[in-house]
Amino acid sequence: MSILGLSYSPWSPIFWLLAFVVVMIMAYFFRRRGQKKYKKGTTQTKIFLCGEEVPEAKQRHIRAHNVYWGFFETMKEYYDANIKAHTGIINDYVIWFLVVIAISGIILFIAGVV
Amino acid sequence: MSLNAIKRALWAYHINTGSCNGCDIEILAALTPRYDVERFGIMLVGSPRHADVLLVTGPVARQMAPRLKRVYEQTPDPKVVIVVGSCGSEGGVFYESYNLVGPVDQHIPVDIYVPGCPPRPEAIIEAVAKAWVKLEKAEQEVA
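All figures in this text were calculated on a predicted structure; none of them were measured in a lab.

Participant: Please clarify how the pattern of salt bridges should be interpreted in this entry.
Facilitator: For side chains bearing opposite charge, pairing can occur when the charged atoms are close. This structure, assessed with the given rule, holds six salt bridges over all chains. Among the salt bridges present, the one from Glu52(A) reaches Arg67(B), with a minimum N-O distance of 2.8 Å. Here Glu52(A), found in the loop between α1 (13–32) and α2 (57–60), pairs with Arg67(B), found in helix α2 (residues 65–74), and the two come from separate chains. A relative accessible area of 35% places Glu52(A) in the partly exposed class. A salt bridge links Lys130(B) to Glu126(B), with the shortest nitrogen-to-oxygen separation between them at 3.7 Å. Placement of both Lys130(B) and Glu126(B) in helix α4 (residues 121–142) is noted, with a separation of four residues, approximately one turn of the helix. What you see here is one network of salt bridges that share partners, running through Lys39(A), Asp77(B) and Lys79(B).

Participant: In this structure, what is going on with the sheet that holds strand β5 (residues 112–114) of chain B? I would like to understand it.
Facilitator: Two strands in a sheet stick together by hydrogen bonds in their backbones, pointing the same way (parallel) or opposite ways (antiparallel). All names here are of chain B. As summarised here, the arrangement of the five strands in space is β2-β1-β3-β4-β5, forming an open sheet in which the pairing is parallel. Bordering the open sheet on either side are β2 (43–44) and β5, each of which pairs with just one other strand. Packed on one face of the sheet, helix α1 (residues 22–29) meets β1 (11–16), β2, β3 (53–57) and β4 (80–84) and runs near 140° to β3. Those strands touched by α2 are β1, β3 and β4, and its axis lies near 170° from that of β1.

Participant: What is the right way to look at the interface of chain A and chain B in this model?
Facilitator: Many analyses report the size of an interface as the accessible area lost when the parts associate. Across the contact, 13 residues belong to chain A and 16 residues belong to chain B. Both faces considered, chain A and chain B share a buried interface measuring about 1300 Å² in area, 43% of it formed by carbon and sulfur atoms. Contact with chain B buries area across many residues of chain A, yet Lys37(A), Gln44(A) and Phe48(A) alone supply 42% of it, more than any other trio. Across the chain A-chain B interface, the total number found is two salt bridges. At the boundary of chain A with chain B, the tally comes to 10 residue pairs in polar contact (both at pLDDT 80 or more).

Reading the values: the criteria
- Residues numbered from 1 in each chain as written.
- Chains lettered and ligands numbered in written order.
- Predicted model: local features only at pLDDT ≥ 70, side-chain atom pairs only at ≥ 80, totals over all residues.
- Heavy atoms only, no water.
- Salt bridge = Lys/Arg side-chain N within 4 Å of Asp/Glu carboxyl O.
- Helix = DSSP H or I, 4+ residues; strand = E, 2+ residues; numbered from the N terminus.
- Buried < 20%, exposed > 50% of the residue type's maximum accessible area, 1.4 Å probe, protein only.
- Pairing = 2+ DSSP bridges.
- Contact = heavy atoms within 4.5 Å.
- Axes fitted to C-alpha atoms, helices over the stretch in contact; angles between N-to-C directions.
- Buried area = accessible area lost by both parts, 1.4 Å probe.
- Polar contact = N/O pair within 3.5 Å; in protein donor to acceptor, adjacent residues only side chain to side chain.

Structure, rendered in structure tokens:
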């Protein structure tokens, strides 16, 4: 059966398109009934923060780092050690690569695999 | 007076500018089953952007002055400001206190004063009824 078939299925694109159109019509209907007397370009159209001054958009955003604060705090020792190792310099990464390869080779040699 | 211009119930936003909570409790008392102003559609809303009436309590603490102005500016026109209690009207027991910059009418225009420490719910309800009449006139002037 074609994916565009009209039989009911939650994954049918037609179903989703219809739902989207219905939601958009409802949003337009409610928006039209809204307050029209706001003075544009004044405080009336700004965000209401219980009377507080609205900070810049950048300061309002909660970054992912804030969300994971507890996680990073708990794993602090692990991350401190790892962040030190990640210098961002390609030479350091190559040295790490060579050291790991060398150690792996020695272990495999001792184990008799190679 | 019949109400023709305003064809909806009044919604009020309550802001406390440093009140002792006495007036705030009386405002809430007006919503309790004994008075039940919500049966007329009058209710407290969570944002001044939805409000027709500002209910201001408290003598305006220094920190609250800019916030009071901002809330007033964010309320759509036409609007009515009701000061509930003696503190907001003229300072009350906090008159000339070092950390106050009130009363309310020194910061925003006030339409109705409800004196009392605290005023009874009946007085607050009468003030809201007067606000309704004022808004009706303001709406007619706009139209």
